[in-house]
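Summary of the model geometry
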Amino acid sequence: PRGQQGCGRSSKVNLKVLKSNAKVVDTIDVEDISEKAVLCRCWRSKNWPYCDGSHNDHNKETGDNVGPLIVKKDK
Ligand code: FES
């Protein structure tokens, strides 16, 4: 399908986050978000599940274009 070229089925997205878990699942309570939460979508953050800016190096190294999910809270 369009937009999915080069998607190798054997390549892993997650290289080092909680690898001993069968599946990485995170829950964040909305009440715990003060203003906004910036959540990692590149799987390279050292502050998982939050974005620490590691996507910038990943994008530079690989030519990828990934970035975080920003959840904002209404005031
Ligand atoms: Fe992964 Fe920013 S570090 S999206």
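All residue numbers here refer to positions counted from 1 along the written sequence of the relevant chain. Only residues with pLDDT of at least 70 are given local features in this predicted model, and only at 80 or more are side-chain atom pairs given and counted; all residues enter the totals for whole chains, interfaces and linings. To get the side-chain values, take all heavy atoms of the structure and skip hydrogens and water.

Named according to an unreviewed UniProt entry, the protein chain is CDGSH iron-sulfur domain-containing protein 2 homologue originating from Callosobruchus maculatus. UniProt positions are given in the numbering used here, feature names are shortened, and annotations may be inferred rather than shown by experiment. Regarding the protein chain, the UniProt comment filed under Sequence similarities (unreviewed entry) reads as follows: "Belongs to the CISD protein family. CISD2 subfamily." According to the UniProt record, the Subcellular location (unreviewed entry) comment for the protein chain is "Endoplasmic reticulum membrane".

Counting five residues, the largest nonpolar core consists of Val17, Val24, Cys40, Cys42 and Trp48. Any pair of residues with heavy atoms lying within 4.5 Å of one another is described as a contacting pair. If near-sequence neighbours (up to four positions away) are discounted, Cys40 is found in contact with Ser45, Trp48, Pro49, Tyr50 and Cys51. By nonpolar core is meant a set of buried Ala, Val, Leu, Ile, Met, Phe, Trp, Tyr and Cys residues that side-chain atoms within 4.5 Å join together. Buried, partly exposed and exposed residues are distinguished by accessible area as a fraction of the type maximum, computed with a 1.4 Å probe on protein chains only: under 20%, between the cut-offs, and over 50%, respectively.

Right, let's get into unusual backbone geometry. Note that the residue after Trp48, namely Pro49, is joined by a cis bond; omega there is 5°. Secondary structure is summarised from DSSP: a helix means a run of H or I of at least four residues, a strand means a run of E of at least two, and numbering begins at the N terminus for each. Here Pro49 shows up in the loop between strand S1 (36-39) and helix H1 (54-62). A positive phi angle is found at Leu18, which is not glycine, with a value near 45°.

With that settled, the discussion passes to the UniProt feature "domain: Iron-binding zinc finger CDGSH type" (unreviewed entry) in the protein chain. Within this structure's numbering, the places UniProt gives as "domain: Iron-binding zinc finger CDGSH type" (unreviewed entry) are residues 23-61. Here residues 23-61 is 21% helix and 10% strand, with 26 Å between the C-alpha atoms at its ends.

We now examine the side chain of Asn14. By secondary structure assignment, the location of Asn14 is in the segment before S1. Here the side chain of Asn14 touches Lys16 through a polar contact of 3.3 Å, landing on its backbone nitrogen. Beyond its immediate stretch of four places on either side in the chain, Asn14 contacts Lys19, Val24 and Trp43. Polar contacts, as counted here, are pairs of nitrogen or oxygen atoms within 3.5 Å of one another; within protein the pair requires one atom able to donate a hydrogen and one able to accept it, and residues that are adjacent in sequence qualify only if both atoms are side-chain atoms.

This paragraph deals with the side chain of Ser45. Inspection of the secondary structure assignment puts Ser45 in the loop between S1 and H1. Separated by 2.9 Å, the side chain of Ser45 and the backbone nitrogen of Asn47 make a polar contact. Polar side-chain contacts of Ser45 include one of 2.5 Å to the backbone oxygen of Tyr50. With residues up to four places along the chain from it excluded, the contact list for Ser45 reads Val17, Cys40, Tyr50, Cys51, Asp52 and Ser54.

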